[in-house]
Amino acid sequence: VENILKTYNVSKEKAMAFGDQWNDFEMLKYVKYGYLMGNAPVELKKEFIRQIESIISTSKEKAIRSVDTHRVMMYWEIGKEILEEEQEGKDRAVYGDFLIKTLSEALEPQYGSGFSYRQLYLFRQFYRTFPIVNALRSQFNWTHYKTLIRIENKEKREFYIAENEKNNWSAR
């Protein structure tokens, strides 16, 4: 006990201020962490706080990226289902419009404007433009893909995809 008190520069008088009822283990625990009679740390180390903030920020970024990735996959799958259902119809153009309009009327009240006619149309175009799921890039969010599916020329689209990957362009 005396060695620990010496190590942490705590006098016997300060240590004894806790009273006789405390056993040596309890006293040593408080001496070790500097909580004796005014020896509590005044503030946390700034580097410790920055480290915790970094963990929080990184986790938030990963969570957002994960949600974006799953959302893009959901849109791709919906687009695939729409296109496959549409191709079973006799007059595809008329049935396609009917299908998307009816589907949006069924989904929009429950899931919001993210499932409007316009959005569902984009999902179908998304699947048409990127029919191979493994070709989707996890670093692209839905805004990237909305921009890319509007580029009709495949070579231009591939150029923008390559440049985006190389330069890590934002979607805005």
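Check the entry above for the structure.
Basis of the calculations
Residues numbered from 1 in each chain as written. Predicted model: local features only at pLDDT ≥ 70, side-chain atom pairs only at ≥ 80, totals over all residues. Heavy atoms only, no water. Axes fitted to C-alpha atoms, helices over the stretch in contact; angles between N-to-C directions. Helix = DSSP H or I, 4+ residues; strand = E, 2+ residues; numbered from the N terminus. Parallel < 35°, antiparallel > 145°, perpendicular 65-115°, else oblique. Contact = heavy atoms within 4.5 Å. Nonpolar A, V, L, I, M, F, W, Y, C, P; charged D, E, K, R; others polar. Salt bridge = Lys/Arg side-chain N within 4 Å of Asp/Glu carboxyl O. Buried < 20%, exposed > 50% of the residue type's maximum accessible area, 1.4 Å probe, protein only. Phe/Tyr/Trp six-rings, centres within 6.5 Å; stacked < 30°, edge-to-face > 60°. Core = buried A, V, L, I, M, F, W, Y, C linked by side-chain atoms within 4.5 Å. Arc of directions from axis to C-beta. Polar contact = N/O pair within 3.5 Å; in protein donor to acceptor, adjacent residues only side chain to side chain. Lys, Arg positive; Asp, Glu negative; His and termini not counted. Patch = residues over 30% accessible without salt bridge, like charges linked within 9 Å, V, L, I, M, F, W, Y side chains within 5 Å. Areas by Shrake-Rupley, 256 points an atom, 1.4 Å probe, with all protein chains shown as cover.

Draft legend 1. Geometry of the packing of helix α6 (residues 117-129) against helix α7 (residues 142-149). It is at 10 Å that the axes of α6 and α7 come closest, and there the two elements cross at 75°. When the interaxial angle is binned, α6 and α7 end up roughly perpendicular. Here α6 contributes Gln119, Leu122, Phe123, Gln125, Phe126 and Thr129 to the contact with α7, which in turn contributes Trp142, Tyr145, Lys146 and Ile149. Split into classes, the residues belonging to the contact of α6 with α7 amount to six nonpolar, three polar and one charged.

Draft legend 2. The pattern of salt bridges, seen in detail. Counting across every chain of the model gives eight salt bridges. Note that Arg124 is salt-bridged to Glu86, the shortest N-O span being 2.3 Å. Placement of the pair is Arg124 in helix α6 and Glu86 in helix α4 (residues 46-86), with a sequence separation of 38 residues. Comparing Arg124 with Glu86, the two get one shared label, buried. The shortest N-O distance in the salt bridge between Arg128 and Glu86 comes to 3.8 Å.

Draft legend 3. Just the packing of aromatic side chains, in detail. According to the stated counting rule, one finds 13 aromatic pairs in the structure shown. A centroid spacing of 4.9 Å and a plane angle of 50° characterise the contact between Phe126 and Tyr145, whose relative ring orientation is tilted. A residue pair is termed long-range when its members are at least 10 positions apart, and Phe126 in helix α6 and Tyr145 in helix α7 qualify at 19 residues. The same class applies to Phe126 and to Tyr145, which are both buried. Chaining the aromatic ring pairs together yields one cluster made of Tyr75, Tyr111, Phe115, Phe123, Phe126, Phe130, Phe140, Trp142 and Tyr145.

Draft legend 4. Highlighting the nonpolar core. Ranked by size, the top nonpolar core spans 22 residues in total, and within it Phe126, Phe130, Trp142, Tyr145 and Leu148 carry the most contacts. Secondary-structure elements contributing two or more residues to this core are α4, α5 (92-111), α6 and α7. Apart from the residues within four sequence positions on either side, Trp142 is in contact with Arg71, Val72, Tyr75, Gln119, Leu122, Phe123 and Phe126.

Draft legend 5. Here's a closer look at α7. What α7 keeps buried is the set Trp142, His144, Tyr145, Leu148 and Ile149. One side of α7 carries all its buried residues, which in axial view fall inside an arc of 155°. The opening residue of α7 is Asn141, an N-cap whose side-chain oxygen sits 3.0 Å from the backbone nitrogen of Thr143.

Draft legend 6. Up close: the environment of Lys154. Following the sequence through the fold, Lys154 ends up in helix α8 (residues 154-167). Separated by 25 residues in sequence, Lys154 and Thr129 have C-alpha atoms that sit 8.9 Å apart.

Draft legend 7. Highlighting the side chain of Arg157. For Arg157, the position within the fold is in helix α8. For the buried Arg157, no salt bridge exists, and the shortest N-O distance to an oppositely charged side chain is 5.1 Å, to Glu158. Apart from residues lying up to four places away in sequence, Arg157 is in contact with Thr129, Phe130, Leu148, Ile151 and Glu152.

Draft legend 8. Inspection of the environment of Asn153 at higher detail. Looking at where Asn153 falls in the secondary structure, it is placed in the loop between α7 and α8. Among the polar contacts made by the side chain of Asn153, one reaches the main-chain amide nitrogen of Glu155 at a distance of 2.8 Å.

Draft legend 9. Geometry of a nonpolar patch on the surface. Side chains of Phe48, Ile49, Ile52, Ile55 and Ile56 sit close together on the surface and give an oily, nonpolar patch of about 420 Å² of accessible area. Of note, Phe48 is situated in helix α4.

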